[in-house]
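# Examining the three-dimensional arrangement
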Amino acid sequence: MTESEKGLCMLVLRPTAAEPVRPVDGPLTARDAIRAAEAELGHVLDERLSLARDTDPVFARDVAERVTAFVRGGGKRLRTAFVWSGWRAAGGSGDATAVLRTGAALELLQACALIHDDVMDGSPLRRGGPAMHVDLARLHRAARMSGPAGAFATSAAVLAGDLALAWADDLLAETALGTPCGQRLHREWQEMRTEMVAGQYRDVRAQAIGAADADEALTIATLKSALYTVERPLALGAVLAGADARTLEALRRAGRCAGLAFQLRDDLIGTFGDPALTGKPSDDDLRSCKLTCLLAIGLKLAEDSGDHATAADLSPGEPPPLSDDAVRRMRGALERGGARSAVEAKIRRLAAESVRHFGGTGAGPVVRREFAALVERASGVAPEHTGEAA
């Protein structure tokens, strides 16, 4: 694991400290904004959990409390930070309440995506603890329920993810209704949700058909992760500031590049990372033969160079889940075939391009520096440029 990967892994596990700070009318730094958004998220979760308890105490105890704990329990809050960055780049100032609530809605949406993704992938760990469906299986056994624990846990985890999505939608709708740009804000949100589902389906479909094409991998990475991690959050923030078309286009370009850099780094961490630092297994993608950009690049490099041994290791004949030995061979093939270094180089290029595109917004130097720092957090590399227009 490289030093940049270690640093990013530590950020994954480090919860942002919630502070009793309500949104304020005045200039905030990005760090201040994240703290304030964390506090706003805490208020939202308290309200939703109280409503769940009024609805049904068993549901609240078994599902709503788990969702609340999951959202509170960690994450980098990158999406919140990018909403703030988009708002600032478009000239946002003054009362930031709508910005912070939009960031909180994105954190809830992220919880839905992670809970459902772990169910579909059968991943046992998330954020250093048991994934939602694993925790719910333990509940089934502890309560001595009848029937298979796995079936109960899968169904309950799907409902937990649905609840997080419902809370996210409610919060975003409430925020949109209270702002003059509500229709534009909600339209961005609608498109983002559809992209997420489309990306998740393309991911599931790629595994089912055994796809190995690099273009397919890029499409999945863009839809499933890059758009809703960076591009859409930047646009949501900018819309709240009444951004013009030129600013929005520059932010979309910057966000697409940074989002892809983020996903490529996640591919590397998911293959070469230390579970003690990442909080999730390091071999799930390989074991399930998931089509990632890392794997697709490895296969293409091997085929282009005529390296049949490496190509064979990256395309094991056995059906998933792969054996430990097959996973070990795949990991080694990605190293010796040059895929890992090629992805690292691509991350550096994308990070630099992202910062250059951001310069096209006309944002001031403080905002540009804050965005470059966010890109470094997302990608694990410091951009080589400081924000000149592309």
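Please refer to the structure higher up on the page.
So, a few notes on the structure that sits alongside this text. Because the structure is a prediction, the values reported are computed rather than measured. (Residues numbered from 1 in each chain as written. Predicted model: local features only at pLDDT ≥ 70, side-chain atom pairs only at ≥ 80, totals over all residues. Heavy atoms only, no water.)

### Looking at the overall build of the protein
For clarity, the threshold we go by: A run of H or I in DSSP becomes a helix once it reaches four residues, and a run of E becomes a strand once it reaches two; helices and strands are each numbered from the N terminus. Only C-alpha atoms enter the radius of gyration, while the globule expectation follows 2.2 Å times N to the 0.38, with N the number of residues. When accessible area is computed with a 1.4 Å probe and restricted to protein chains, residues below 20% of their type maximum are described as buried, those above 50% as exposed, and intermediate ones as partly exposed. Contacts between residues were defined by any pair of non-hydrogen atoms, one from each residue, lying within 4.5 Å. Computed with a 1.4 Å probe, the accessible areas rest on the Shrake-Rupley method; for each residue, only the protein chains presented here act as cover. The charge count treats Lys and Arg as positive and Asp and Glu as negative. His and the chain ends do not count. Charged side chains are reduced to one point each, which is NZ for Lys, CZ for Arg, CG for Asp and CD for Glu.
A count of helical and extended segments in the protein gives 17 helices and 2 strands. Relative to its length of 390 residues, the protein is compact, with a C-alpha radius of gyration of 21 Å against a globular reference of 21 Å. Projected onto its principal axes, the C-alpha positions of the protein cover 60 × 60 × 35 Å. Considering the protein as a whole, with its 390 residues, one finds that 55% of them fall into the buried category. Partitioning the intrachain contacts of the protein with sequence separation of at least 6 by distance along the chain shows that 74% fall at a separation of at least 24. Summed over its atoms, the accessible surface of the protein is roughly 16,300 Å², and 54% of this surface lies on carbon and sulfur atoms. In the protein, 48 positive and 53 negative side-chain charges are present, and the distance between their average locations comes to 2 Å.

### Overview of empty space enclosed by the protein
Rules: Cavities and pockets were defined on a 1 Å grid built from protein atoms only: a cavity is a group of points that admits a 1.4 Å probe but offers it no way out, a pocket is an open group of points flanked by protein on both sides within 12 Å along at least five of seven lines, and a lining residue is one with an atom within 4 Å of any such point. Grid points are joined across faces, edges and corners, and a volume is the space filled by probe spheres set on the points. Residues are sorted three ways: Asp, Glu, Lys and Arg are charged, Ala, Val, Leu, Ile, Met, Phe, Trp, Tyr, Cys and Pro are nonpolar, and all the rest, Gly among them, are polar.
In the structure shown here, the tally under the stated rule is 1 cavity of 30 Å³ or more. Lining the largest cavity are Thr271, Asp285, Leu286, Lys290, Thr292, Leu294, Leu295 and Leu334. Mapped onto the lining of the largest cavity, the elements with two or more residues apiece are α12 (284–287) and α13 (293–305). Looking at side-chain class alone, the lining of the largest cavity contains 4 nonpolar, 2 polar and 2 charged residues.

### As for unusual backbone geometry
For the bond from Pro320 to Pro321, the omega torsion is 0 degrees, close enough to zero to count as cis. Within the secondary structure, Pro321 sits in the loop between α14 (308–314) and α15 (324–336). One non-glycine residue, Arg127, adopts positive backbone phi at about 50 degrees. With a phi close to 60 degrees, Cys289 is a non-glycine residue in the positive phi region.

### Details of the state of the cysteines
Where we set the bar: When the sulfur atoms of two cysteines come within 2.5 Å, that pair is taken as a disulfide.
With the rule as written, the count across this model stands at 0 disulfides. Cys293 carries a free sulfur, and the closest cysteine sulfur to it, the one in Cys257, is 13 Å from it. In this structure Cys293 comes out as buried when scored by relative accessible area, which is 8%.

### Notes on the packing of helix α5 (residues 97–121) against helix α8 (residues 182–209)
Our working definition: Fitted lines through C-alpha atoms give the axes, limited to the stretch in contact for helices. The angle between two N-to-C directions lies from 0 to 180 degrees. Under this scheme an angle from 65 to 115 degrees is roughly perpendicular, one under 35 degrees roughly parallel, and one over 145 degrees roughly antiparallel; angles in between are oblique. If you view the pair so one helix is near and one far, a crossing is left-handed when the near helix is turned anticlockwise from the far one by less than a right angle, and right-handed when it is turned clockwise.
Their axes nearest at 12 Å, the elements α5 and α8 cross at an angle of 15 degrees. What the angle tells us is that α5 and α8 run roughly parallel. Seen from above, α5 lies across α8 with right-handed handedness. Seen from α5, the contacting residues are Thr102, Ala105, Leu106, Leu109, Ala113, Asp117, Met120 and Asp121; seen from α8, they are Leu185, Trp189, Met192, Arg193, Met196, Gln200, Val204 and Gln207.

### Topic: the packing of aromatic side chains
Put simply, the test is: Ring pairs shown here join Phe, Tyr and Trp side chains whose ring centres sit within 6.5 Å, with only the six-membered ring taken for Trp; geometry is labelled stacked below 30 degrees between planes, edge-to-face above 60, and tilted in between.
According to the stated counting rule, one finds 3 aromatic pairs in the structure shown. Summarising the aromatic geometry, the rings of Trp84 and Trp87 are spaced 5.0 Å apart at their centres and angled 45 degrees between planes, so their arrangement reads as tilted. Here Trp87 and Trp84 lie together in helix α4 (residues 78–89), a separation of 3 residues that amounts to about one turn. Assigned by exposure class, Trp84 and Trp87 land together as buried. When the centroid spacing of 4.0 Å and the interplanar angle of 5 degrees are considered together, the rings of Phe358 and Phe371 count as stacked. In this pair, Phe358 sits in helix α16 (residues 339–359) while Phe371 sits in helix α17 (residues 365–379), placing the two residues 13 residues apart along the sequence. For the residue pair Phe358 and Phe371, the accessibility class agrees, reading buried in each case.

### Quick notes on the packing of helix α2 (residues 30–55) against helix α7 (residues 149–177)
Direction vectors running N to C along α2 and α7 enclose 120 degrees, while the axes themselves pass 12 Å from each other. Of the two possible hands of crossing, α2 and α7 adopt the one that is right-handed. Residues Val44, Leu45, Arg48 and Leu49 of α2 pack against Trp167, Asp170, Leu171 and Glu174 of α7. Residues of the contact of α2 with α7, tallied by class, amount to 5 nonpolar, no polar and 3 charged.

### Focus: the nonpolar core
Applied cut-off: Nine residue types can take part in a nonpolar core, namely buried Ala, Val, Leu, Ile, Met, Phe, Trp, Tyr and Cys, and a core is a set of them joined through side-chain atoms within 4.5 Å.
If you look at the biggest cluster of nonpolar residues, it comprises 113 residues, and the most contacted ones within it are Val67, Phe82, Leu108, Leu109, Trp189, Phe358 and Phe371. With 13 residues, α5 is the largest single contributor of residues to this core. Sequence-distant contacts of Trp189, defined by excluding residues within four places in its chain, comprise Ala105, Leu106, Leu109, Ala168, Asp169, Leu172 and Leu236.

### What to know about the side chain of His140
Selection criterion: What qualifies as a polar contact is a pair of N or O atoms within 3.5 Å, subject to a donor-acceptor requirement within protein and to the restriction that residues adjacent in sequence count only when both atoms come from side chains.
Along the chain, the position of His140 falls in helix α6 (residues 132–142). Given the relative accessible area of 4%, His140 is considered buried. Separated by 3.1 Å, the side chain of His140 and the backbone oxygen of Ser146 make a polar contact. Separated by 3.1 Å, the side chain of His140 and the backbone oxygen of Gly147 make a polar contact.

### Observations regarding the pattern of salt bridges
Operational definition: A pairing counts as a salt bridge when a side-chain nitrogen of Lys or Arg comes within 4 Å of a carboxyl oxygen of Asp or Glu.
What the rule picks out here adds up to 33 salt bridges. A salt bridge links Arg53 to Glu65, with the shortest nitrogen-to-oxygen separation between them at 3.2 Å. Placement of the pair is Arg53 in helix α2 and Glu65 in helix α3 (residues 57–72), with a sequence separation of 12 residues. A relative accessible area of 45% places Arg53 in the partly exposed class. For Glu65, a relative accessible area of 31% translates into the label partly exposed. Across the salt bridge formed by Glu344 and Arg265, the nearest N and O atoms sit 2.9 Å from each other. Placement of the pair is Glu344 in helix α16 and Arg265 in helix α10 (residues 245–272), with a sequence separation of 79 residues. Take Glu344: its relative accessible area is 11%, and that puts it in the buried class. Salt bridges here are not isolated pairs; linked through shared partners, they connect Glu40, Glu47, Arg48, Arg101 and Glu174.

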